[in-house]
Amino acid sequence: MENSKVGSGTSRREFMQQLALCYMAAHLPLTFISCSDDDQSYKGSGKIPYKVWEEMLMALQTCPDYLEGRMKALVASKDAEAMCNFVKDEIYLMPASNKAIGQIGWQSKWGIKGALRYGMATPREKAELLNQMYSEAGFTSKVMYERTNITPEEALTFFLRPIQRDFNLDVSKKQWQQWEKELNVDTSEFEMPGQNIDTSQATALADKLWNLIPDTDNIRRTDFDLRWDNYRTPTVQFEKDGATAYAHLFDPKIPFGKLKNDGALTEADAVKLNEETVEIKITYREAIHPDKELEMISGSWKARDLIGSQIHFTNLNGLDLEQSAYMPIGSLRIFTPTLAYQNFDSPLEFMEERSFVADPFTLEGEKIKFPDTQNGSKSPIIINASSTQLLKTVSEVSIKALPVNKTLVKLEVKPLNAEGQVVEGLQASDFAFADNKQTVQVLMESNQKTPSILILYDGSFSMPKAYYQENMDLFVASMEEKILENFPAARVDKWVTTSHLFTWLLKASRTSYDLVVFATDGHNGDVYEEKNFITYQNGPPVIVLNVYNSTETHTIDTFNQMAAVTNGSVIDAEDQAATLEKIVSHVNGMEIPPYTFSFYAIPEEHHEVELQMDQKRLSAKAEFTLELDSAESNQGIIGVYLNIKVGKTLVTRTLAGWDPILQRNQEPTNAHFLDVKSLIFGGLSFYFEGEGPTLATSIVDLLKYKLSTRGWGEALLNDDLETAKIEFEKGGYQYHSKPMSLLAPLDEQVTDNSFTFATGMRVCIYKQQLHIEDEKTIESFDFLPTSNYVSFTNGNADPFRINIEKTAQLAVREAALFDTSTLTLLNGISLVERTKALSNNWYENLDRNSTDYLYWYERIYRGDANIKIFDGSGTQTAFWTINPQGELYGILRNGTGGGGSEETIAALNRLMIVMRIYISVLKKMGALSSIGGMALSIVAVYGVTLAKLYAIVCESIIIMDTTGMDAKIAQALKELAFNVAKTICYGFGGSKLDKMRGLDHLINFMGGSTNPYS
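Okay, the packing of helix 2 (residues 50-60) against helix 20 (residues 695-707) next. Relative orientation of the contacting elements helix 2 and helix 20 amounts to 150°, with a least axis distance of 10 Å. Judged by the inter-axis angle, helix 2 sits roughly antiparallel to helix 20. The crossing of helix 2 and helix 20 is left-handed. For the pair formed by helix 2 and helix 20, the contact residues are Tyr50, Trp53, Glu54, Met56, Leu57 and Leu60 on the first element and Ala696, Ile699, Val700, Leu703, Lys704, Lys706 and Leu707 on the second. Classifying every residue of the contact of helix 2 with helix 20 by side-chain character gives 10 nonpolar, no polar and three charged.

Okay, here's the thing in structure tokens:
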């Protein structure tokens, strides 16, 4: 962003190599670091590499590119003129608005924190920064309004001032050599990733796209308003040597201590803070009702609190490290969604207040309902302290296993006392389950007799009045009221159906309800398929209500078949009162299990589930068979979605699974469910910036992140596994290196002729997915269209075209860092602009039967205010979009503005224990990241939810007899510790240092050819 100038004998090349060493140091595996006792300029503490990281962090405080450190040094010097020159000449002036200079007198955008992080500030922020520096240095000072006569032409010159910073770190050559020796690296051929990109690629891309835009002369351009508020020019008044002086911050020709026009001074208004908010809502859809979007978790933050911060969306599985050592990943079904706020400089309490935890959910899309302590009898779960005395009253126990859908299995347990009576009120911790002798995660559904009834009813106009709309609601309410008389905790749900009777019957058969009641007039739009017979048989019995008492042969045959395949019955239901009595009587006569559980079985055909109670005094077994070759879909979550609102800008994304817009003509499939599961096993991180942080600031962030692992990292180096485990489970930070490069400042963002800046917040998403079934991990990056870059010029260049060229740099970075990007996909392909394509009937000539037809309709044909450029042949579905200000985004098929890569991890499967998955990811990707860690800010908040969860969820990890597991746990933890120590969770590579694919990409991007780790 800034031009370089050699200072204190250090060239830019040498400076970049010095910073490269800091960068490399933060990515080194621990096992490749040596130690030395040579004298040093900075003295860190502890073991290498933590000692070196600490010393580097000290040294970076002296870097001119690290503005916070420079500010502190100037405050300590108490040099008023030097402080003024720092704010005036080393921090860019930035407009306070997207179309004009804005309210210069009072408007703050990203505050003092942003000014130091990005080296950019609004006029008032510059004054506030200098005023704070003077106050901290002991001067009496305040911000005033200076009366000036600045013209728009003169104001423009205040912005078009490229800053030249001296590149120099106050570190002796001996210290650099010491660090290189201790870290065992050579930086002579290493270039910093993400810096000094080849802007010619961005220029070439911009030129190519510009030439495809028809009639560029008629593009509507908005002139940037450069009028200066001469009544409210912020200046700083201060006392020095008993005299009043002034610090004018905008015209470089004004001497220190003087005002620009010797105009009148007035008291400054209070600063107007940026009150924009950021709202994140994660939603989902499940297969039964894909038309309904349900909230998973949401949160809201002040935008100014988010700059330089991250929000991590992670779904916690409730396992600690020991539990992860023997839990198969295929049995994980229950997750707790979290939005964890993270900032390296914020206190823990501040982060906790801005973090959110929502109710746990199952992969089927069911929210875990906590018992109502005020009305405990109405909950299927009775919460008591586990009672040894109550458990001792059980003399025998029986168990029944019922496959529900795919690998989902329902367990019915009946514990009896010596008199043959059911013992109710036992807790989850009183039961221990194993499936084929393998630990599984089990959910307690009820611990008292709790019948669950599902009412299906046709919502079509052909239904009789008594079974239509509000009358049907009254019927269901009456039924529920009568059932609750005998079963206070009974559950009665209802679904409105279409006239596709067997389709809805199949959906109901894939649930764990005890009874299904289906009210229908018999008009049917589908047919029975014999391939679904086993599913119907394994599902709950169905009572079919013949609402017209029809005697038509076709209707009777349909009803009888529905009843036969589900082990149910048919009731003539025209008399609603009599029908109600029959249903209630049937429910009262059902054998309702006093305890029900559910779990995901391991993927084997034949199963024996074993229950043990009271330290193996009691046991019971049940056998069941799974249809492993079944082609039926998982009846679970088929899509996860993002709604994020930044200020007034709303952005939506399909994060995983079924797209309700582009795939609205397609039925959700099992592939959608598995894609969702891969996101839940992985996670995503939101990164927020105002502008691009300076290079030194980014490295400081990285070093702070590294040093945050000290508690468990040094314990690992000392081979103290127990301490490492304790420290690790306290939670930690998550940070990814690729966003660091992608969010760097634009190169030549400010020149003598143009100024380009983000008028909105820069937001990106880094997503990781763990596909167990496909044996791969997927990482992707998404620039959200919230930054709204704007350019203005001195008239020597077109601001619209300049904006395309500057923002094209982001596309070049994406292509360098990821295997898949818009730039790489469209490289060498003949492109066409949307309006020109439509004028040539391009859309009308598309194949209407193609799966891409709807995609092109939504993404291209419908249009918006943006220019769109795409593959004229329709082969590649990525495209370019340019907004009305000239900001360029490369859009992939999934709608994201970024790139992605895949990594194959061989031999992944659902039988693998969770920790072995972590180890596999570590070896391949060199990072735990969202997979396998808990955010520091969420631990305390999560603990409250977890306490409730354990009262309901029978995680066999917690309640099982773990005898004989100690050796397995110890071995798994040691293996994990070894791999974590090699990568310290954040290295670029895998088990071998010559396979650092990500780093190779970055080095090649920088024009280098040597991997320093090879």
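Cis rather than trans, the peptide bond between isoleucine 48 and proline 49 has omega equal to 10°. For proline 49, the location among the structural elements is in the loop between helix 1 (12-25) and helix 2. A positive phi angle is found at aspartate 215, which is not glycine, with a value near 55°. Within the fold, aspartate 215 resides in the loop between helix 9 (199-212) and strand 6 (233-240).

Moving on to the nonpolar core. In terms of nonpolar packing, the biggest core is built from 154 residues, with Phe86, Tyr134, Ile280, Ile644, Phe686 and Met761 touching the most fellow members. A total of eight residues in this core trace back to one element, the largest contributor, which is helix 20. Contacts of methionine 761, omitting those with residues within four sequence positions, involve Trp110, Val278, Ala303, Leu306, Ile307, Val646, Phe688, Glu689, Thr786 and Ser787. Residues Val397, Ile399, Leu611 and Phe624 belong to the second largest nonpolar core, which totals 29 residues.

What follows covers the pairing of strand 11 (residues 309-316). Counting buried positions along strand 11 gives eight out of eight residues, so the element sits mostly inside the fold. The side-chain alternation of strand 11 yields two buried faces, one formed by Ser309, Ile311, Phe313 and Asn315 and the other by Gln310, His312, Thr314 and Leu316. Where strand 11 lies against strand 30 (residues 683-689), five bridges are found, and the strand directions are antiparallel. Looking at the pairing, histidine 312 lines up with serine 685 of strand 30.

This next bit is on the pairing of strand 37 (residues 867-871). With five of five residues buried, strand 37 lies mostly within the body of the structure. Here strand 36 (residues 831-833) pairs with strand 37 via three bridges, running antiparallel. When the sheet's bridge partners are listed, glutamate 833 is paired in strand 37 with isoleucine 869.

Right, let's get into the sheet that holds strand 25 (residues 595-600). In space, the four strands of this open sheet follow the order 15-16-25-19, with antiparallel pairing throughout. Looking at strand neighbours, the two that pair on one side only are strand 15 (396-405) and strand 19 (442-446), the edges of this open sheet. Each neighbouring strand pair of the sheet contributes to a mean axis angle of 25°, computed without reference to strand direction. Bridge count between strand 15 and strand 16 (residues 408-416): nine bridges; the pairing is antiparallel.

Once that is clear, we can look at the side chain of glutamate 814. Within the secondary structure, glutamate 814 sits in helix 24 (residues 799-817). One buried charge, glutamate 814, has no salt-bridge partner; the nearest side chain with opposite charge is arginine 762, at 8.8 Å. Not counting residues up to four positions away in its chain, the partners in contact with glutamate 814 are Leu742, Phe783, Ser821, Gly897 and Gly898.

Relative to the assigned elements, aspartate 521 resides in the loop between strand 22 (515-520) and helix 16 (533-538). Buried aspartate 521, no salt bridge; nearest opposite-charge side chain is lysine 465, N-O distance 17 Å. Reaching out from aspartate 521, the side chain makes a polar contact with the side chain of serine 462 at a distance of 2.4 Å. Among the polar contacts made by the side chain of aspartate 521, one reaches the main-chain amide nitrogen of histidine 523 at a distance of 3.0 Å. Not counting chain neighbours up to four residues away, the residues in contact with aspartate 521 comprise Asp458, Ser460, Ser462, Met463, Val547, Tyr548, Thr555 and Phe559.

Relative to each other, helix 4 (residues 80-89) and helix 6 (residues 123-136) sit at 155°, their axes nearing to 10 Å. As judged from the angle between their axes, helix 4 and helix 6 are roughly antiparallel. Considering the relative orientation of helix 4 and helix 6, their crossing is right-handed. Within the contact between the two elements, helix 4 uses Ala80, Met83, Cys84, Phe86, Val87 and Lys88 and helix 6 uses Lys126, Leu129, Leu130, Met133 and Tyr134. A breakdown of the residues in the contact of helix 4 with helix 6 according to their chemical character gives nine nonpolar, no polar and two charged.

For the rest of this paragraph, the subject is the sheet that holds strand 24 (residues 569-572). If you trace the five strands from one edge of the open sheet to the other, you get 21-20-22-23-24, paired in parallel fashion. In this open sheet, the two edge strands, each paired with only one partner strand, are strand 21 (491-497) and strand 24. Pairs of neighbouring strands in the sheet enclose a mean axial angle of 20°, with direction left out of account. Examined bridge by bridge, strand 22 and strand 23 (residues 542-546) share five bridges and lie parallel to one another. From the neighbouring strand, threonine 520 faces strand 23, where its bridge partner is asparagine 546. Contacts from helix 14 (residues 470-486) reach strand 20 (452-458), strand 21, strand 22 and strand 23 within the one sheet, and its direction differs from that of strand 20 by about 165°.

Okay, the environment of arginine 491 next. Tracing the sequence through the fold places arginine 491 in strand 21. Overall, the relative accessible area of 31% leaves arginine 491 in the partly exposed class. As for arginine 491 and tyrosine 513, which are separated by 22 residues in sequence, their C-alpha atoms are 9.0 Å apart. Once residues within four sequence positions are removed from consideration, arginine 491 is found in contact with Glu366, Pro451, Ser452, Ile453 and Tyr513.

Rules and cut-offs
Once a new chain begins, its residue numbering starts again from 1 and follows that chain's sequence as written. Local features in a predicted model are, by the rule used here, given only for residues with pLDDT of at least 70; side-chain atom pairs are given and counted only at 80 or more, and totals for whole chains, interfaces and linings are based on all residues. Computation of side-chain values: all heavy atoms of the structure, hydrogens and water removed. Fitted lines through C-alpha atoms give the axes, limited to the stretch in contact for helices. The angle between two N-to-C directions lies from 0 to 180 degrees. Helix numbers and strand numbers start at the N terminus; a helix is a DSSP run of H or I with at least 4 residues, a strand a run of E with at least 2. Should an angle fall under 35 degrees it is called roughly parallel, over 145 degrees roughly antiparallel, and 65 to 115 degrees roughly perpendicular, with every other angle called oblique. In this scheme the crossing of two helices becomes right-handed for a clockwise turn of the near helix relative to the far one and left-handed for an anticlockwise turn of less than a right angle. It only takes one pair of heavy atoms within 4.5 Å for two residues to be counted as in contact. Side-chain classes are defined by residue name, with Ala, Val, Leu, Ile, Met, Phe, Trp, Tyr, Cys and Pro counting as nonpolar, Asp, Glu, Lys and Arg as charged, and the others, Gly among them, as polar. Think of a nonpolar core as a cluster: buried Ala, Val, Leu, Ile, Met, Phe, Trp, Tyr and Cys residues, connected wherever their side-chain atoms sit within 4.5 Å. Under the scheme applied here, a residue whose accessible area is under 20% of the maximum for its type counts as buried, over 50% as exposed, and between as partly exposed, the area being computed with a 1.4 Å probe on protein chains only. A strand pair is defined by DSSP finding two or more bridges across the two strands. For the purpose of charge, His is not counted, nor are the chain termini; Lys and Arg are scored as positive and Asp and Glu as negative. Every case where a carboxyl oxygen of Asp or Glu lies within 4 Å of a side-chain nitrogen of Lys or Arg is listed as a salt bridge. Polar contacts, as counted here, are pairs of nitrogen or oxygen atoms within 3.5 Å of one another; within protein the pair requires one atom able to donate a hydrogen and one able to accept it, and residues that are adjacent in sequence qualify only if both atoms are side-chain atoms.

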